[in-house]
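Descriptive structure summary
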Amino acid sequence: QGLSSPMLRCPSQRLLDRIVRRYAEVPDAGSIYMDHLTDRDKLRLLYTLAVNSHPILLQIFPDVEGWPFPRYLGSCGRLVVSASTQPLRDFYSAAPEVAADLALQLLAVLRSMGTNDLNYFFYFTHVDAGTFGVFSNGHLFIRDASTLGIIDKEEGSQLIDGQQEYKDIFSCLTVDCQSEFVSCNSIREKHSLVLVCQELLPKLLKGKFLQPVQEKIDSFLQHCANGLTDDQGVNQAIAKLAEILKPLRSCDSRFAYRYPDCKYSDKY
């Protein structure tokens, strides 16, 4: 309790059980008990969670189950080995049809992180041009999961009274221990959408399309980025944006992750 990692600021027993059961850096990974973890294993797990939860997230929500993360291949100390992606910043000057495709994928990823079968709500505490990446087949993934927080919509947060004042032995090594925890109740589903509308989508879609399409895109992005007081307003702006972008994509071999399926499916 009290670890500064965004992943554990709103913990639930179900999430903690998943971390222990799927922690891969032990001989008996998969056990539902912690009996198989030595004291060194426990310290390594706690330290990793405090310093950078990215490799833990890749282990407990693997890509083979459909989660939008690169495949975790292993780690050694602070070095994490995973499948390679090209950062989103490299696509700011991409062709209009590529930008439209990536923007739609980005919105789809955020929707899946807010609503999924396991009832975990993922939100970003910060996004930048390196947060998301693109595989060689054009598929967009979350490249850096270290700023992802998780709220359990099934069990709810089990934040204890006074936890804001609790200080663990690891977190003060990497962050300001005086910083306050974000209230779990203050985080809404529009949170990540607003961040992306402020930081990423304007750079990806700026000046890409002819008028009046570009004007409409800019208007909806501004509407979203303003962080309207109601979730419905942001969601409506995003729905309108997606509606405009969808026909602007192309269907060819550059988008191997959905080609040639896009020729025969209304999904694309």
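Scroll up for the structure.
Description of the structure in this document. From a predicted model like this one, the values you see are computed outputs, not experimental measurements.

Attention now goes to the packing of aromatic side chains. Enumeration according to the criterion identifies 7 aromatic pairs in this entry. With a centroid separation of 6.1 Å and an interplanar angle of 35°, the aromatic rings of Phe-121 and Tyr-123 are classed as tilted. Look at Phe-121 and you get buried, because its relative accessible area is 5%. Tyr-123 sits in the buried class, given a relative accessible area of 3%. Taken together through their ring pairs, the aromatic side chains of Phe-61, Trp-67, Tyr-120 and Phe-122 make up a single cluster. Just above the ring of Tyr-120 sits the side chain of Arg-14; from NZ or CZ to the centre is 4.2 Å. Cation over ring: Arg-258 sits above Phe-255, and NZ or CZ is 4.6 Å from the ring centre.

Along the polypeptide, Thr-147 turns up in the loop between strand E6 (140-142) and strand E7 (148-152). Residue classification places Thr-147 among the buried residues on the basis of a relative accessible area of 17%. Leaving out residues up to four positions away in the same chain, Thr-147 has contacts with Pro-6, Tyr-123, Phe-124, Thr-125 and His-126.

With antiparallel pairing, 3 strands are arranged side by side in an open sheet as E3-E5-E6. Single-partner strands in this sheet number two, and they are strand E3 (86-87) and E6. Pairing analysis gives 2 bridges linking E3 to strand E5 (residues 132-134), with the strands arranged antiparallel. The residue bridging Gln-86 from the neighbouring strand is Val-134, located in E5. Contacting E5 and E6, helix H4 (residues 96-114) runs over the sheet at an angle of about 40° to E6.

This part takes up helix H2 (residues 39-51). When the terminal C-alpha atoms of H2 are compared, their 18 Å separation across 13 residues agrees well with the 18 Å that a helix rising 1.5 Å per residue should span. Among the residues of H2, those classed as buried are Asp-41, Leu-45, Thr-48, Leu-49, Ala-50 and Val-51. In this structure, the buried side of H2 is in contact with helix H1 (13-22) and helix H3 (54-60).

The next thing to look at is the pattern of salt bridges. Overall, the coordinates contain 11 salt bridges when judged by the stated rule. The partner of Arg-254 in a salt bridge is Glu-97, with the nearest N and O atoms 3.0 Å apart. In this pair, Arg-254 is assigned in the segment after helix H8 (231-245) and Glu-97 in helix H4, connecting sequence segments 157 residues apart. Close ionic contact of Arg-254 with Asp-252 constitutes a salt bridge, the shortest N to O distance being 3.0 Å.

What follows is about the state of the cysteines. Counted under the stated rule, the structure contains 2 disulfides. The disulfide that involves Cys-197 links it to Cys-224, with 2.1 Å between the sulfurs. Of note, the bridge from Cys-197 to Cys-224 carries an S-S torsion of about 90° and is right-handed in sense. Residue Cys-197 is located in helix H5 (residues 191-199), and its partner Cys-224 is located in helix H7 (residues 213-225); the two are separated by 27 residues in the primary sequence. Residue classification places Cys-197 among the buried positions, given a relative accessible area of 2%. With a relative accessible area of 0%, Cys-224 lands in the buried category.

Scoring rules and cut-offs
Residues numbered from 1 in each chain as written. Predicted model: local features only at pLDDT ≥ 70, side-chain atom pairs only at ≥ 80, totals over all residues. Heavy atoms only, no water. Phe/Tyr/Trp six-rings, centres within 6.5 Å; stacked < 30°, edge-to-face > 60°. Buried < 20%, exposed > 50% of the residue type's maximum accessible area, 1.4 Å probe, protein only. Lys NZ or Arg CZ within 6 Å of the ring centre and 35° of its normal. Helix = DSSP H or I, 4+ residues; strand = E, 2+ residues; numbered from the N terminus. Contact = heavy atoms within 4.5 Å. Pairing = 2+ DSSP bridges. Axes fitted to C-alpha atoms, helices over the stretch in contact; angles between N-to-C directions. Expected span 1.5 Å × (residues − 1). Salt bridge = Lys/Arg side-chain N within 4 Å of Asp/Glu carboxyl O. Disulfide = S-S within 2.5 Å.

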